[in-house]
Amino acid sequence: MLHPLTRLCRDCGRLDDDVTDPGAVCPGCGSARVIAHPELRSLSIAHVDCDAYYASVEKRDRPELADQPLIVGGSERGVVTTCCYIARQYGVRSAMPTSRALQLCPHAVVLRPDMEKYQRESRRIKDLMRVATPIVEAVSIDEAYLDLSAAAAERNEPPARSLARLSLQIERKIGVTVSIGLAPNKMLAKIASDMGKPRGFSVIGNADALDVIGPMKISAIPGVGPVMSRKLEELGLLLVSDLWTASESDLIHRFGLWARRLVTFARAQDERKVSASRGASVTIGAETTFNADLRTFAQIDVELRPLCETVARRLSKSGLAASGLTLKLRRADRRTITRACRLRDPTAQAELILKAVHPVLAAELDGQPYRLVGVTATRLVSDRLADPPDLFASIRSKSLADQD
Ligand SMILES: [Mg+2]
């Protein structure tokens, strides 16, 4: 059955609904960079990944290298950290010894990495992302997950269109290209961003997810490295679809609990939220004005407790945890006092938030009447830093050389 498509032009932003044949070019501007998908208007989770990031930054700064194979990495005894797409045509790959890379591509230019510069540009890229949506979860120096659902609704614009604009802005303002994956969840978005590199924009929807990932090798699932894929292969599990019929309890028995997540991922399901992480300047707070002025710790504590619960609930909903807290008190004479404290471990739990602000409250009270209390979670971090360690995290660790 043919589903009507929504078509987007990545260059002029033109959107057309109910398209049956996406055509080769945009009817508005003639650009060939059109994408079409039945769920294009509704999908809102994106993975944005810079293409050959270090090499792209270097080529931007040295235009004379534009058409040359470029390797960023150690000296001859080191390894390739990133190589440009021209070098890849010669078989050069990340993590390959530089000496081997130079055998394959003797005329490649080798540059030492300038991490400070890449970090600086990374911050600028993430600032642009945060214009598209405040919910940006940086995964590494050159990639991030974005949740555009709320931002796009506010703007009354499908997330796909905001993303097309974002990729053009990154090209224009930073001078590097990105590949975008748009999907219903993080895992699928990550797979999608890998499908069209470089300068890609790939979409995986709810309806086609299993058709798309089923025939892929299991190593396409984020977090499955070469060691794990070899072990799975020994069990006859080669493709993602092989995991649909595999015994989950047997896999858990062999590989531990993360196998459960692997099986869930293979079914195209991923409940993880995009959590606005580093650099996000948001705070989450709640406050209340009393019906009558209060004086004692016990009285104000009764009011404070539900506020901590509200803050905890909002943190969890956003996938965030507080590593700082601010207590706010307003006296009957309207003087407002705010006191900040740091937490040893980030938390999103109401009890721990309450426990942390108790001594701050106790230190402030002096028998005067108060009319308002508030608590705000600050220095927000991903809740992954607060909750029990993510079982999948251990196999998600990426080496520097693996940053494409
Ligand atoms: Mg990359």
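Everything quoted here is computed from the prediction, not taken from an experiment.

Kindly report on the coordination of the magnesium ion, identifying the contributing residues and their values.
Six octahedral donors at a metal ideally form angles of 90 or 180 degrees, and four tetrahedral donors ideally form angles of 109.5 degrees. Distances from the magnesium ion to its protein donors, Asp49 (OD), Cys50 (O) and Asp142 (OD), fall within 2.1 to 2.3 Å. Expressed as a motif, the donor residue spacing for the magnesium ion is D-C-x91-D. A residue pair is termed long-range when its members are at least 10 positions apart, and Asp49 in strand β4 (residues 45-50) and Asp142 in the loop between β8 (136-140) and β9 (143-147) qualify at 93 residues. Taken individually, Asp49 and Asp142 each receive the classification buried, so the pair is uniform in this respect.

Account for a positive patch on the surface, with residues named and values stated.
Together, Lys273, Arg313, Arg314 and Lys317 line one region of the surface with positive charge. Of note, Lys273 is situated in the loop between α12 (258-266) and β12 (284-294). Among the residues examined, Lys273 registers a relative accessible area of 45% and is labelled partly exposed.

Go over the packing of helix α11 (residues 248-255) against α12 with me, naming the residues and quoting the values.
Interhelical geometry of α11 versus α12 gives an angle of 140 degrees and a closest axis separation of 7 Å. When the axes of α11 and α12 are compared, the pair comes out oblique. Taken together, the residues of α12 that come into contact with α11 (itself represented by Glu248, Leu251, Ile252 and Phe255) are Trp258, Ala259, Arg260 and Val263.

Tell me what's going on with the domain arrangement of the protein chain, and back it up with residues and numbers.
Once the domains are mapped, the protein chain shows domain 1 (1-38), domain 2 (53-116), domain 3 (213-273) and domain 4 (284-385). Its C-alpha centre places domain 2 at a distance of 33 Å from the equivalent point of domain 3.

Can you explain the sheet that holds β9? Please cite residues and give values.
Read across the open sheet, the five strands follow the order β8-β9-β4-β10-β11; overall the sheet is mixed. Looking at which strands have only one partner, the edges of the open sheet turn out to be β8 and β11 (201-203). For this sheet the average axis-to-axis angle between neighbouring strands, irrespective of direction, equals 20 degrees. Here six bridges tie β4 to strand β10 (residues 178-183), and the two strands are oriented antiparallel to one another. Across the sheet, Val48 pairs through a bridge with Ile180, a residue of β10. Set on the sheet, helix α6 (residues 159-174) makes contact with β4, β9, β10 and β11; between it and β10 the angle comes to about 170 degrees.

Cut-offs applied
- Residues numbered from 1 in each chain as written.
- Predicted model: local features only at pLDDT ≥ 70, side-chain atom pairs only at ≥ 80, totals over all residues.
- Heavy atoms only, no water.
- Donors = N, O, S within 2.8 Å, 3.2 Å for Na, K, Ca; no water.
- Helix = DSSP H or I, 4+ residues; strand = E, 2+ residues; numbered from the N terminus.
- Buried < 20%, exposed > 50% of the residue type's maximum accessible area, 1.4 Å probe, protein only.
- Patch = residues over 30% accessible without salt bridge, like charges linked within 9 Å, V, L, I, M, F, W, Y side chains within 5 Å.
- Areas by Shrake-Rupley, 256 points an atom, 1.4 Å probe, with all protein chains shown as cover.
- Salt bridge = Lys/Arg side-chain N within 4 Å of Asp/Glu carboxyl O.
- Lys, Arg positive; Asp, Glu negative; His and termini not counted.
- Charge placed at Lys NZ, Arg CZ, Asp CG, Glu CD.
- Axes fitted to C-alpha atoms, helices over the stretch in contact; angles between N-to-C directions.
- Parallel < 35°, antiparallel > 145°, perpendicular 65-115°, else oblique.
- Contact = heavy atoms within 4.5 Å.
- Domains from an automatic or database assignment.
- Pairing = 2+ DSSP bridges.

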